[in-house]
Amino acid sequence: MLNRPVPDVTFKTRVRDEAVGGDNPFRWQDVRSRDLFAGKRIVLFSLPGAFTPTCTTEQCPAFEASYDSLREAGADEVYCLSVNDAFVMFQWGKHLGLRKVKLLPDGSGDFTRRMGMLVKKDHLGFGQRSWRYAAVIDDGTVRAWFEEPGINDDGSDDDPYERSRPEAVLEWLQANPR
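Residues numbered from 1 in each chain as written. Predicted model: local features only at pLDDT ≥ 70, side-chain atom pairs only at ≥ 80, totals over all residues. Heavy atoms only, no water.

(A) View of the overall build of the protein. The number of helices and strands found in the protein is 5 helices and 9 strands. Listing every helix and strand of the protein by position from the N terminus yields β-β-α-β-α-β-α-β-α-β-β-β-β-α. Taking 178 residues into account, the globule formula puts the C-alpha radius of gyration at 16 Å, and the protein, at 16 Å, falls close to it. Here the C-alpha coordinates of the protein stretch approximately 45 × 40 × 30 Å along the principal axes. In the protein, once contacts between residues fewer than 6 apart in sequence are set aside, the share between residues at least 24 apart is 64%. When the accessible surface of the protein is summed, it comes to about 8700 Å², and 46% of that surface belongs to carbon and sulfur atoms. Averaging the locations of the 24 positively and 28 negatively charged side chains of the protein gives two centres separated by 5 Å. (Helix = DSSP H or I, 4+ residues; strand = E, 2+ residues; numbered from the N terminus. Rg over C-alpha atoms; globule rule 2.2 N^0.38 Å. Contact = heavy atoms within 4.5 Å. Areas by Shrake-Rupley, 256 points an atom, 1.4 Å probe, with all protein chains shown as cover. Lys, Arg positive; Asp, Glu negative; His and termini not counted. Charge placed at Lys NZ, Arg CZ, Asp CG, Glu CD.)

And the structure:
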């Protein structure tokens, strides 16, 4: 994974636009991954799904709480990616009260598949999802990689969360300033 460019895919996002009017003033906006990562140091963490236990009670809140420290250590932005659609990601962000971490919907799993992190979670009724990982991406290139052990498609209920914690990413950023 190291020193490899991130895949160039289009994320289907929703953005607030008061010109739309009504109770749901949002419009679709395509966002290219190459544009998100170009010229910036990004902390990206990916997880199996919005509203799932570990993702909701531990991982996403931990990155939200660590956001300022990650920024102080040199990250320009912190993105959370999941194989969920923009509507689910928006509601999950509201549920969590996120103010800092930006959510990226990878609804079709294109980015996740091309990163080699797409796994089958059919035994849980989830379909295809992301394996849990974190990365530091400099100008579109993966510079640090924190993957949970045991990536599998075998129907295992293993859901490790140790290596991809924000503390590990922060330690790497502090040891590798720009």
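(B) A look at the sheet that holds strand β3 (residues 41–47). Strand order in the open sheet formed by 5 strands is β5-β4-β3-β8-β9, and the pairing between neighbours is mixed. This sheet does not close on itself; its edge strands, each paired only once, are β5 (102–105) and β9 (141–147). Within the sheet, the average angular offset between the axes of one strand and its neighbour, ignoring direction, is 25°. Alignment of β3 against strand β4 (residues 77–82), held across 6 bridges, turns out to be parallel. (Pairing = 2+ DSSP bridges. Axes fitted to C-alpha atoms, helices over the stretch in contact; angles between N-to-C directions.)

(C) Representation of the packing of helix α2 (residues 53–72) against helix α3 (residues 86–96). At a closest axis distance of 11 Å, the pairing of α2 and α3 adopts a crossing angle of 75°. Classified by the angle their axes make, α2 and α3 are roughly perpendicular. Listed contacts from α3 to Cys55, Thr56, Cys60 and Pro61 of α2 are Trp92, His95 and Leu96. By residue class, the composition of the contact of α2 with α3 is 5 nonpolar, 2 polar and no charged. (Parallel < 35°, antiparallel > 145°, perpendicular 65-115°, else oblique. Nonpolar A, V, L, I, M, F, W, Y, C, P; charged D, E, K, R; others polar.)

(D) Spatial organisation of the pairing of β9. Most of β9 is tucked away, with 5 of its 7 residues classed as buried. Sheet topology note: the strand β8 (residues 133–138)/β9 ladder contains 6 bridges and is antiparallel. Bridging from a neighbouring strand, valine 136 pairs with alanine 144 of β9. Adjacent in sequence and paired antiparallel, β8 and β9 are bridged by 2 residues, among which aspartate 139 carries a positive phi angle near 50°. (Buried < 20%, exposed > 50% of the residue type's maximum accessible area, 1.4 Å probe, protein only.)

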